[in-house]
Structure formats: structure tokens, C-alpha cells
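Take a look at the letters that make up each chain.
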Amino acid sequence: MKTKFLIFLLTIFSGLIFTGTASAGNSQLAYAPDEVLVKYKETTTAAVANNINATTIKYFKQSKIYHLKLPKGMSVEAAISLLQQDPKVAYAVPNNIYYLNQLPNDTFFTQMWGLNNTGQTGGTSGADISAALAWDITTGSSGVVVAVLDTGMELNHADLAANLWVNPGEIAGNGIDDDGNGFIDDVNGWNFANNSNDPSPTGGSCGGHGTHTAGTVGAVGNNGIGVSGVSWTVQIMPLNIFTLINGTSCGAFSSDILAAIGYYTMMNVRISSNSYGGGGYNQAVSDAIMASNSLFVVAAGNDGLDNDTTPSYPSSYPLINILSVAATDANDLLASFSNFGTLSTDIAAPGVSILSTGVNSTYTIKSGTSMSTPHVAGAAALLLAQDPNLTIQEMKWRLMNGVDNLALPVASGGRMNIFTSLQYGQSLPDVSVTMTPVGSTDIRGGDIIYYQIQFTNNTANTINAASMVYLQTVTGFGSLDGATLILAGPITLSLPPGISPVSTLGWALPSGVAIGSSFSLYGVTTPGSSFDEDKITYTIVP
Ligand code: CA
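These numbers were taken from a predicted model, which means no experiment stands behind them. (Residues numbered from 1 in each chain as written. Predicted model: local features only at pLDDT ≥ 70, side-chain atom pairs only at ≥ 80, totals over all residues. Heavy atoms only, no water.)

The next thing to look at is the overall build of the chain. Each helix and strand counted, the chain has 9 helices and 28 strands in total. Radius of gyration (C-alpha) of the chain: 23 Å, near the 24 Å computed for a compact globule of 542 residues. Along the three orthogonal principal directions, the C-alpha set of the chain runs to about 65 × 65 × 50 Å. Relative to its 542 residues, the chain shows a buried fraction of 56%. Put simply, 71% of the contacts in the chain that link residues at least 6 apart link residues at least 24 apart. Accessible area of the chain: about 20,100 Å², with a carbon and sulfur share of 54%. Across the chain, the centroid of the 17 positively charged side chains sits 11 Å from that of the 36 negatively charged ones. (Helix = DSSP H or I, 4+ residues; strand = E, 2+ residues; numbered from the N terminus. Rg over C-alpha atoms; globule rule 2.2 N^0.38 Å. Buried < 20%, exposed > 50% of the residue type's maximum accessible area, 1.4 Å probe, protein only. Contact = heavy atoms within 4.5 Å. Areas by Shrake-Rupley, 256 points an atom, 1.4 Å probe, with all protein chains shown as cover. Lys, Arg positive; Asp, Glu negative; His and termini not counted. Charge placed at Lys NZ, Arg CZ, Asp CG, Glu CD.)

Structure representation (C-alpha cells):
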């Protein structure tokens, strides 16, 4: 534990960003001094007695995490050590704090090279995400929601207001939780940092960061004013998680990140944009991301470091639903400040001198992996607008395989090209897969689940297609929570043109799974030139 803790401290101090600001560098807190986050092995919704006389601040349903306030005088280290001795405890971690991944830049430019680069800022023509071509295919959909976990958004900004998320089940200002989701008057998002229904910007050093990132995702396009987001039409759900730590530096507590992830998970949001990081490993945050059933787009960090050897969280959690983003400049070079990593960083996107919306109805330029991240989140929104049934892995594959490969030190090797990614959706994949349940998808622990899988070769030639069936557990599986279980394959199938015979397969569900939890079986086929996935979602009933 001690070693782990040391690494955690080193990581967080190496992860401070905000270079060039007066508050950076010496006084930023690594974690809340009198709080911890605890996960118990028993998945119960009742308050669990703890062995350190801590009081419960909050219980996070989705991730089954208790947010505890420590008794006066007890250190976080002592509390964690004591909690770990309790056999009921799965883990106990600090409530650590994450900081923004922006680099301030006060020079005003008027052209958005990242979307469409003609060399207007002295960069290289074509060093952009090909948004102008992409918009010939789709400019987005109001049916797609992107949660922006940031410092809040200027709700009435003329370039954002029309794309602000509206909770269809909530009546504004009546003091009633109309949709029964546990949040009163959550009409346009939530402020988790001050527990209010107003996700407007946090002031001070939190500045206009969240208004800027929101504008890159989805400032209203083609409205004759200001800037355009990657997705012209979209619903932006601003979730403010940032507060002024000790009145100065802008930070986000893990507990507020957990709460925000829990909120958008509950509201079935499929994409989130996360322009912060540099904090230490936090099991509770990792679990919440995993349980979110959404694409978690996150900044790689601004330390200029290799995340493969110096992890930066949350970017570096090894979760399949994370897409971590490095920054490029107007010449398609990796930005000097950008973190990278051929294993742990996925994709690059424009992040130097990015023009977007600012507070007080302004427009501002900012740099950072904070700015590259919402480009990718906005692009994911375009993919979902094109095909609302895409799985998380289908979105991720299309984004990563659509890059312009520039031999950048990221897993995909390239800078995002959303036009290429959208083109995958304009024709059938070389091989498609269909999953069909046999019998009800309401199941009980100990049942054997039967399902059918069938492949279709959509080309005129025989294709070798690597294929498998897997499932990722979230909660309810006890010690298997968070596991990726491969149920069949991987196997390379030689498929002649046309529809293959149906295979019926079965899997014995463990008997101890919790009632009410749900999970999906995914059939996936990756013949090399395409990717297709289909899923069946099951619910555990009494
Ligand atoms: Ca509500």
C-alpha cells in the first residue's frame, strides 16, 4: 500500500498543468484531506457500517461506492490502512483531485484550422479533421447527447443555447423531482461541485474552460455567428465538476467525477468529453467509467510525457470504453506539450490555438489536450447521428481506423479524420454479425443462456474473419465485476459470400449474480478491413 501511495503522489505532482498561471505549481491539493472512497464486497444499497466511525457523505448507486467523511484528526492514509483491514472492504482510495488539461492562450485568432485547415494560420493545408467534407454526410442530430464534464458552460451563449441539453422529464423551477431521478429541477445538467441545478461556469481560475470545450463539441453550426462545433446539432449536457480548491486552483474531486458519471449513465448518455487529468490512479473512478456503458473521451495530458511509462489518469485506465486523445498543431505535428503513448494513448486531434466559445458571449483561443478531446467527442456525436445503434466499440474502431496515419506516437498512429470515419457508415461492413437471443432476456443466476450468432459476408469473395463473443461485466458479478469474459473464440472463420449458417451457443450464468443487474453479450467480427458488433442485453430477475 505504501509503495502504491508513493506512486500516486508522484504521479499527481508530475501531472499538474496550468503552466504559466500564478496559482500553478506549489499549492495544489492531491486529494481531499478528510475523505475517502470505499467499495464494499457486498453489493447492498443499505448503508454499510464502517470500522473507522466515518460518516457517509454519499452513496453512488452505479458504482456501489461510499463517499466517507473521516472522523476529526484521522488522516487519509490511516483511514485507508484501517479500512483495508476490514474483510468486507474491496478497496479504499483517496478522494483525489484532477486538474484541467488546458494551456492558457490569450491571443485571439479568427479561424478554426482544426476543422478545416487552408494554411490560414501559417499551418499546413489539410492538417485538419476534414470536418468540411464530413458535414456533407451529416451535421449531427439533436437526438445525440454528449455529457461535458468540465468547469460549467455559459448556458445562454448565443452559439450554445440552442444545443443545450433539455431534460424532457423535468419541469423547470417547480422544486419537484419530476422525473424521479434524484435531482430536483435538473433541466439543463447539474453542478456537482456545489450540488445545484445550475451548471453555469465556475469562476476564478476555472475560467471559461468548460464553455470552450462545449463549443468545440457542438457550438451551433451554420447560424451565421461565431464558431461552429464539430457537431452542428447535438445536445450538450454540461456537468460542472470543478471548484476552486482553497479558493485558488481549479480542481475536480473524484467524488464529483463519480457523481457526474453516475448521472449521465442513469440518463443513458452514450458519449462524454473529459478534458482533465493528471491525478493518480483511483479505483473508484475507474469502476465508474467502466460501468458507464458509454464512450469516455479523455485528454491524454499536457506534460509532454509518454503515458506508457508515466501514466496520467483518467486517461491511462486500461478500459475498453476509454478513448484517450493527444494534441496536434496546425502542421500535423504532435504538440510539444502533449502526452502520448503507443499503448495507452489512442488518437490525436487538433489542440493548439483552438478557437471556440468563451464566457460573457466571447470567443477565445485555448491550447491543450483539453481542446483536442472535445474534437473527438464531437466526432463521436456525428457517428451516432449517422447510426444511433453503433456500439461503443464500433464508434471507437471507426474513429481510430479513420485517422490520417502520420506515424504519431499513439495507438492509431494518426490524427482524427472524421470524414473517413463517417465513410465506414456509408456501406455495409465486409462481414456483419447478428446476435439473437433464444428465449427471454430476463434471466436468473445459474441459468444457461442460449443465443444464436450468424455472419454475413457482404462481399463477392471468401473472407477470413476473426470473430468472437465476449461480455464485459459491470456490477452484480462480485469478484468478476469489471471482467471481460470471452465466451466463444476468438476464431478465424472462412466465410464464403452471403449468409453463413446459424450457430447456437450457450453460456452458464454464475449463480451469485445480483438481481437487477444487466449485461450484454457482444458478437464481434474483425475481418481486417471492417468491424462489426452486435449485442444482446440481459437483465437478472428474481
Ligand atoms: Ca429530476
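We now examine a nonpolar patch on the surface. A grouping of Val438, Ile448 and Tyr450 is seen on the molecular surface, where their side chains present a nonpolar patch of about 280 Å² in accessible area. Here Val438 shows up in strand E20 (residues 431-438). Under the relative-accessibility criterion, Val438 is labelled partly exposed at 41%. (Patch = residues over 30% accessible without salt bridge, like charges linked within 9 Å, V, L, I, M, F, W, Y side chains within 5 Å. Salt bridge = Lys/Arg side-chain N within 4 Å of Asp/Glu carboxyl O.)

Before going further, it helps to examine the pairing of strand E23 (residues 463-472). Counting buried residues along E23, 7 of its 10 residues qualify, which places the element largely inside the surrounding structure. Relative to strand E24 (residues 484-495), E23 is paired through 9 bridges, and the arrangement is antiparallel. Within E24, the residue paired with Gln472 across the bridge is Thr484. Sheet topology places E23 next to strand E27 (residues 518-526); 6 bridges connect them, and they run antiparallel. (Pairing = 2+ DSSP bridges.)

Within the secondary structure, Ser530 sits in the loop between E27 and strand E28 (532-540). In sequence terms Ser530 and Arg398 are 132 residues apart; their C-alpha atoms lie 8.8 Å from each other. Beyond its immediate sequence surroundings of up to four residues, Ser530 is in contact with Trp397, Pro429, Asp430, Val431 and Thr525. Within the structure, the side chain of Ser530 is placed 3.1 Å from the backbone nitrogen of Asp430, a separation counted as a polar contact. (Polar contact = N/O pair within 3.5 Å; in protein donor to acceptor, adjacent residues only side chain to side chain.)

This part covers the packing of helix H4 (residues 209-218) against helix H7 (residues 369-386). If you want to describe how two helices pack, look at the angle between their axes and the distance between the axes. H7 packs onto H4 with a crossing angle of 35° between their chain directions and a minimal axis gap of 7 Å. Both H4 and H7 take part in a crossing whose hand is right-handed. Along the contact surface, H4 presents His209, His212, Thr213, Thr216 and Val217, while H7 presents Ser370, Met371, Pro374, His375, Ala377 and Gly378. Taken together, the residues of the contact of H4 with H7 sort by class into 4 nonpolar, 7 polar and no charged. (Axes fitted to C-alpha atoms, helices over the stretch in contact; angles between N-to-C directions. Left-handed = near helix turned anticlockwise from the far one by under 90°. Nonpolar A, V, L, I, M, F, W, Y, C, P; charged D, E, K, R; others polar.)

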